[in-house]
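# Survey of secondary and tertiary structure
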Amino acid sequence: MIVPFGHVLLLAGLLFLMGMVCMVVRRSLIMILLGVEIMLNAAAIILVGSSLLWQQLEGQSIVLFVFAIAGAEVSVGLALIVWAHRQTGSVDPRDFNRLK
Amino acid sequence: MIAALTQDSTLLATILATMLPFVAFLVIMVFARNHRGLSAGLSIGAIMVSLLGAVFLLTRHWQLEVPIQYLGRWLVSGDIHIPFGFLLDQPSLLMLTIVATISFLVQIYSLGYMAGDAGFSRYYAFMSLFAWAMMNLTLAPTMVQLYIFWELVGLSSYLLIGFWYEKFSATEAGKKAFVMTRFGDVAFFLGLLLALVNLGNLNILEMNSPQVTERMSPLLITIASLLIFGGIVGKSAQFPLLTWLPDAMEGPTPVSALLHSATMVAAGVYLFGRLFPFFSHSATAMAVFLAIGTISMLLASTMAMVSRDIKQVWAYSTISQLGFMIMGLAAGSYFSGMFHLTTHAGFKALLFLCAGVFIHVFETNDVFEIGRRGGRRLKVPMICTVIGAAALAGLPPFSGFFSKELILAALADLKNPLWLVAGLLGVFFTAYYTFRLIFIILRPEDILDETGIHHDHGHGSYWLMGWPLILLAAITAVLGFFEGTLEDFFKAQQFIPTTGGGHHSWLSFAALGTAGAGVVLAWIEYGRRSATRIGFAERIAPLNNLFAERWYIDRFYRRFLDVFIYGMVSRGFANNDNKVIDGGIDGLSRGTVATGRFTSVLHLGMIQYRLLTIFVVIVLLALYFFF
Amino acid sequence: MTVYSIIFYLLALLILGSTAMAITRRNMVHAVIYLIFSFFGSAMIFYLFGAPFLAVLEVIIYAGAIMVLFLFIVIMMKLKPGQERLFPLNQWVPAALCGIVYIAIGLGLVISEPGSRITLKTAQADPGLFGQYIFGKHWLSIEIVSLLLLVALIGALLLGRRSKKVPAAKASEGEL
């Protein structure tokens, strides 16, 4: 007996919210990426929790793939950030507003 | 209808009398602007026909019992039926004759007075316009028609006061006259609406009938009467709307003689007489009218006592006498008011026309100047002025004596002796200021020996100006003795509540005494050889200022206008116009631009706004699925 | 209130607290370090929920590789801390509004759903069995993910290449 599933949901929900806030509010490309990571982590928590709820392994396997994809995404994303920083000299997303 | 016209000579006479001046006006304005002789001839011809028509009607229907009405279909709307046409009964016939006579005499007089003026044709056109409007006003069978011609009379007054439009003060005076009378007319119209709503139509005979009390409660009758009296206050220059009349003296003197002494301002009193049965249903209203009449009378008399301008003295006198007439009517005596109206028209026009001669010769309005430059040497105007003044002051055997007697008798019949005292005080003041003026001209301090002051009009114009004076003087002298016949004439009128007038034999002595006292005081102060030539009112400086400034009524109006109307109302509306209406539209355009800019923000660039949009949509989807 | 629930709540507190700190730091390095703490916390939650293999993977991949990569980039780009303006209003207010609505809906959903009251029972997924399960059932996904990693590798390499060649080549690289 651990906790009611609802609590897990709430925890993950709050975590997801924080990740979203970080992504939307912070004025730095790196922080946006960080927000993505937090959100992925929140999703992983839910998945593991629900696999425990239904006593099946599916949730955990999805989490495995989530990790892998997160890794791939971060590497490409950071490479893009580096490139963008080289082009414009800043990581402020407002400076990438080229569609004026 | 043509057959009916030729058969019915009354109708024919009426139509000719009232419509011809209008035709003259149109023809002059359109075709004859540059032909002086033609325009004058057209106008005088038209008014002569009107005069003949009026005299014919009066003599033909001397024994009138039932009023004659000619009504044509005009305004029909549901239950409301307002015709136009003519109503011939005693007061209208009498007034028609008065108007026609005095218009005719004034127009003849103007041939001499206005000769050489640049706007000669325009003057006669406006004179015809006025004559038409005034005559239709007197013959109106419904209040609506009366109101229309009331306004038209106001219009022609405006046009004639501001006749010399190059002079700024004249245009200002015209504007002031029109606006002040218009103000009274608003109340007038409200009263008419009140009556219309309750009675269904505005036929004068119906309004005067006793059935009115069944359809309108006493309160409603009082309110309607008070409102309609507002129009009378405006038109007849009673308190508080009296300051336009002295300013209206900017117009040519014949205009003052015709409009602002005998006919137009008398239209107010005529209206009172017209609706006399209607007003008498409400005792409260009559009391208010009495008070206003008294106040105007006394106020104007005081103003006349210190004035130096000859036309202004007669203007104040007109206000005062109109107040006197209203006092008589409000006291319940119909005939006294109407009779004084008649006699006043005669002698006041006479006084103005004589003043016009003085002004024309000496080119100054100032009384002292006229006296000093030898006013008394002009025989005909001087004698006529004295006759007119005697009538105005109420000295026998002139007409004014008889009519004032009647009014004082009506006042004496009232329960409160205050009114009679006020009336006698008014008589005293009237006599005083009238003879003050006479003595200033007659017995000046020193006479300048100018003999060559006659203009080069020649004696022809003097002959033209002289005959109307003589005629009017003759009428003034004689009219008083016709009191009996006129009273019989009016006795047959319907619905006039008869007042049982008690005979006060002491009254004539009292009246005569006060008038005489006024004359004597004027003699003492101005007429004697060793006179100081400063009136008792002029000695007391604050009183002098008070009277000279017209009791500060004008100042009060100016202040009121500046503070309330211009300061608050105008500014409020201007602000509304600028900020609210213009601002609203500007705001609309700005809002559109801002919306565009906002929407463009969503459309273009910043990464994080787009991310935010994603999350907002997710939340909304969750919302949707949850519910 | 079993021991496990106490542990869970403590861990939840840790995660939420350190994540909150992470997202509000101006200094990028500090933010990353706080986030590492948060990941440690979630690793322990994974262990609590009976996924030890994933717990270890989390520590190795997430906290170990990804966050370190972040640190590398932060240090390499010489980003000066304190440059950006924290909590800009026009971004923060809509986010806060969205967040409030989100929390409200979340709470509503959780409370109204009867399934959320089921208490989790403890269990343990043996890593060996887990591995067999994955390679048995989801072998195709494994292959695809490894291809994905390959693509990411190549992409990162290409993007990160600094061009020392003529401007024409630089322009062509810029289009990548």
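A brief look at the structure comes next. (Residues numbered from 1 in each chain as written. Chains lettered and ligands numbered in written order. Predicted model: local features only at pLDDT ≥ 70, side-chain atom pairs only at ≥ 80, totals over all residues. Heavy atoms only, no water.)

In this section: the overall build of chain C. Secondary structure assignment for chain C yields seven helices and zero strands. In chain C, the order of α-helices and β-strands from amino to carboxyl end is α-α-α-α-α-α-α. Counting all 176 residues of chain C, 33% fall into the buried class. When contacts within chain C are restricted to residue pairs at least 6 apart in sequence, long-range pairs at least 24 apart make up 56% of them. (Helix = DSSP H or I, 4+ residues; strand = E, 2+ residues; numbered from the N terminus. Buried < 20%, exposed > 50% of the residue type's maximum accessible area, 1.4 Å probe, protein only. Contact = heavy atoms within 4.5 Å.)

For chain B, the count of helices and strands is 28 helices and two strands. A burial count over chain B gives 56% of its 627 residues as buried. Sequence-distant contacts, at least 24 apart, represent 80% of the contacts inside chain B between residues at least 6 apart. Here chain B has roughly 25800 Å² of accessible surface; of this, 68% comes from carbon and sulfur atoms. (Areas by Shrake-Rupley, 256 points an atom, 1.4 Å probe, with all protein chains shown as cover.)

The subject of this paragraph is the side chain of Ser90 of chain A. Residue and element names in this part refer to chain A. You can see Ser90 is positioned in the segment after α3 (58-88). Within the structure, Ser90 has its side chain in polar contact with the backbone nitrogen of Asp92 (distance 3.3 Å). With residues up to four places along the chain from it excluded, the contact list for Ser90 reads His85, Asp95 and Phe96. (Polar contact = N/O pair within 3.5 Å; in protein donor to acceptor, adjacent residues only side chain to side chain.)

All right, on to empty space enclosed by the protein then. All names here are of chain B. Within the structure shown, the criterion is met by two cavities of 30 Å³ or more. Lining the second largest cavity are Ala393, Gly394, Phe401, Lys404, Glu405, Val427, Ala511 and Ala515. Among the elements of the structure, α20 (399-412) and α24 (505-527) are those that each provide at least two residues to the lining of the second largest cavity. Looking at which element gives the most residues to the lining of the second largest cavity, the answer is α20, with three residues. For the lining of the second largest cavity, a count of residues per class yields five nonpolar, one polar and two charged. (1 Å grid on protein atoms, 1.4 Å probe; cavity = no way out; pocket = protein on both sides within 12 Å on 5 of 7 lines; lining within 4 Å. Points joined across faces, edges and corners; volume = space filled by probe spheres on them. Nonpolar A, V, L, I, M, F, W, Y, C, P; charged D, E, K, R; others polar.)

With that settled, consider the pairing of strand β1 (residues 68-77) of chain B. Residue and element names in this part refer to chain B. Bridge count between β1 and strand β2 (residues 80-88): eight bridges; the pairing is antiparallel. Looking across to β2, one finds that Tyr70 is bridged to Phe86. Connecting β1 to the antiparallel partner β2 that follows it, the hairpin turn spans two residues, and Gly78 within it adopts a positive phi of roughly 65 degrees. (Pairing = 2+ DSSP bridges.)

A few words on the interface of chain C and chain A. Across the contact, 86 residues belong to chain C and 64 residues belong to chain A. Roughly 6900 Å² is buried in total at the junction of chain C and chain A, and carbon and sulfur atoms are behind 77% of that figure. Summed over the shared surface of chain C and chain A, the result is one salt bridge. For Lys137 of chain C, the salt bridge is made with Glu58 of chain A, and the minimal N-O distance between the two is 2.9 Å. (Buried area = accessible area lost by both parts, 1.4 Å probe. Salt bridge = Lys/Arg side-chain N within 4 Å of Asp/Glu carboxyl O.)

Time to look at the interface of chain A and chain B. Facing 16 residues of chain A, the contacting portion of chain B comprises nine residues. Overall, the association of chain A and chain B removes approximately 1100 Å² of surface from exposure, summing both partners, and the carbon and sulfur fraction of that is 77%. Put simply, chain A and chain B have zero residue pairs in polar contact (both at pLDDT 80 or more) between them. Looking at the side of chain A that touches chain B, the element that brings in the most residues is helix α1 (residues 5-25) of chain A, giving five residues. The residue makeup of the side of chain A that touches chain B, split by class, is 11 nonpolar, one polar and four charged.

Right, let's talk about the packing of aromatic side chains for a bit. To describe a pair of aromatic rings, you give the distance between the ring centres and the angle between the ring planes. All names here are of chain B. Applying the stated criterion across every chain yields a total of 38 aromatic pairs over all chains. Ring centres of Tyr123 and Tyr124 lie 5.5 Å apart, and the angle between their planes is 90 degrees; on these two criteria the pair is classed as edge-to-face. The same class applies to Tyr123 and to Tyr124, which are both buried. A centroid spacing of 5.1 Å and a plane angle of 50 degrees characterise the contact between Phe560 and Phe564, whose relative ring orientation is tilted. Taken together, the residues Phe560 and Phe564, both in helix α27 (residues 553-603) and four residues apart, mark about one turn of the helix. Taking relative accessible area as the criterion, Phe560 reaches 35% and is therefore assigned partly exposed. Judged by its relative accessible area of 38%, Phe564 is partly exposed. (Phe/Tyr/Trp six-rings, centres within 6.5 Å; stacked < 30°, edge-to-face > 60°.)

Turning next to the packing of helix α17 (residues 334-362) of chain B against helix α19 (residues 379-393) of chain B. Axis angle and axis distance: for two packed helices, these are the angle between their axes and the distance between the axes, and together they describe the pair. Residue and element names in this part refer to chain B. Between α17 and α19, the least distance of the axes is 9 Å, while the angle of their chain directions is 150 degrees. In this structure, α17 meets α19 at a crossing whose hand is left-handed. Contact with α17, carried on its side by Phe347, Lys348, Leu350, Leu351, Cys354, Val357 and Phe358, involves Pro381, Met382, Cys384, Thr385, Gly388, Ala389, Ala391 and Leu392 of α19 and no other residues of that element. For the contact of α17 with α19, a count of residues per class yields 12 nonpolar, two polar and one charged. (Axes fitted to C-alpha atoms, helices over the stretch in contact; angles between N-to-C directions. Left-handed = near helix turned anticlockwise from the far one by under 90°.)

Two numbers describe how helix α2 (residues 29-54) of chain A lies on helix α1 (residues 3-23) of chain C: the axes approach to 11 Å, and their chain directions differ by 165 degrees. Between α2 of chain A and α1 of chain C, the interaxial angle falls into the category roughly antiparallel. Of the two possible hands of crossing, α2 of chain A and α1 of chain C adopt the one that is left-handed. The segment α2 of chain A lies against α1 of chain C, with Met31, Ile38 and Ile45 of chain A engaging Ile15, Thr19, Ala22 and Ile23 of chain C. Of the residues in the contact of α2 of chain A with α1 of chain C, the class split is six nonpolar, one polar and no charged. (Parallel < 35°, antiparallel > 145°, perpendicular 65-115°, else oblique.)

On to the pattern of salt bridges, then. All names here are of chain B. Under the criterion given, the structure shown has 10 salt bridges over all chains. One salt bridge in this structure joins Asp554 and Lys176, with 3.0 Å as the shortest N-O distance. One end of the pair, Asp554, is in helix α27; the other, Lys176, is in helix α7 (residues 168-199), and 378 residues separate them in sequence. When the shortest N-O distance is used, the salt bridge between Asp366 and Arg308 registers 3.0 Å. With a gap of 58 residues between them, Asp366 in the loop between α17 and α18 (367-372) and Arg308 in the loop between α15 (283-305) and α16 (310-330) connect regions that are remote in the sequence. Relative accessible area serves as the criterion here: at 19%, Asp366 is assigned to the buried category. Three or more residues joined by partner-sharing salt bridges are found here, namely Glu151, Arg182 and Asp185.

What follows concerns a nonpolar patch on the surface. All names here are of chain B. A surface patch of nonpolar side chains, about 930 Å² in accessible area, is lined by Phe556, Phe560, Leu561, Val563, Phe564, Ile565, Tyr566, Met568, Val569 and Phe573. With respect to the helices and strands, Val563 occurs in helix α27. We classify Val563 as partly exposed; its relative accessible area is 39%. (Patch = residues over 30% accessible without salt bridge, like charges linked within 9 Å, V, L, I, M, F, W, Y side chains within 5 Å.)

All names here are of chain B. End to end, helix α2 (residues 9-30) covers 31 Å across 22 residues, agreeing with the expected 32 Å (1.5 Å per residue, within 8%). At Met19, α2 shows its strongest bend, of approximately 35 degrees, with the proline Pro21 following within four residues. Looking only at α2, the buried set comprises Thr10, Leu11, Ala13, Thr14, Ala17, Thr18, Pro21, Ala24, Phe25 and Ile28. (Expected span 1.5 Å × (residues − 1). Bend = angle between axes of the 7 residues up to and from the residue.)

Core analysis: the largest hydrophobic core is formed by 199 residues, its most contacted members being Phe272, Phe278 and Ile310 of chain B. Listed in part, the 82 residues of the second largest apolar core include Ile2, Met20 and Val48 of chain A together with Phe130 of chain C. (Core = buried A, V, L, I, M, F, W, Y, C linked by side-chain atoms within 4.5 Å.)

Inspection of the secondary structure puts Phe398 of chain B in the loop between α19 and α20. Here Phe398 of chain B falls in the buried class, since its relative accessible area comes to 17%.

We now examine helix α12 (residues 253-262) of chain B. Of all 10 residues in α12 of chain B, 10 are buried; the element is thus mostly enclosed. Along α12 of chain B, the residues classified as buried are Thr253, Pro254, Val255, Ser256, Ala257, Leu258, Leu259, His260, Ser261 and Ala262 of chain B.

As a further point, take unusual backbone geometry. The linkage connecting Phe239 of chain B with the following residue, Pro240 of chain B, adopts the cis geometry, with an omega of 0 degrees. Mapped onto the elements of the fold, Pro240 of chain B is located in the loop between α10 (218-235) and α11 (244-247). Of note, Gln55 of chain A is a non-glycine position whose phi angle comes to about 55 degrees, a positive value. One can find Gln55 of chain A in the loop between α2 and α3. Positive phi, normally seen in glycine, also occurs at Glu363 of chain B, with a value near 55 degrees. On the secondary structure map, Glu363 of chain B appears in the loop between α17 and α18. You can call Glu363 of chain B exposed: its relative accessible area is 60%.

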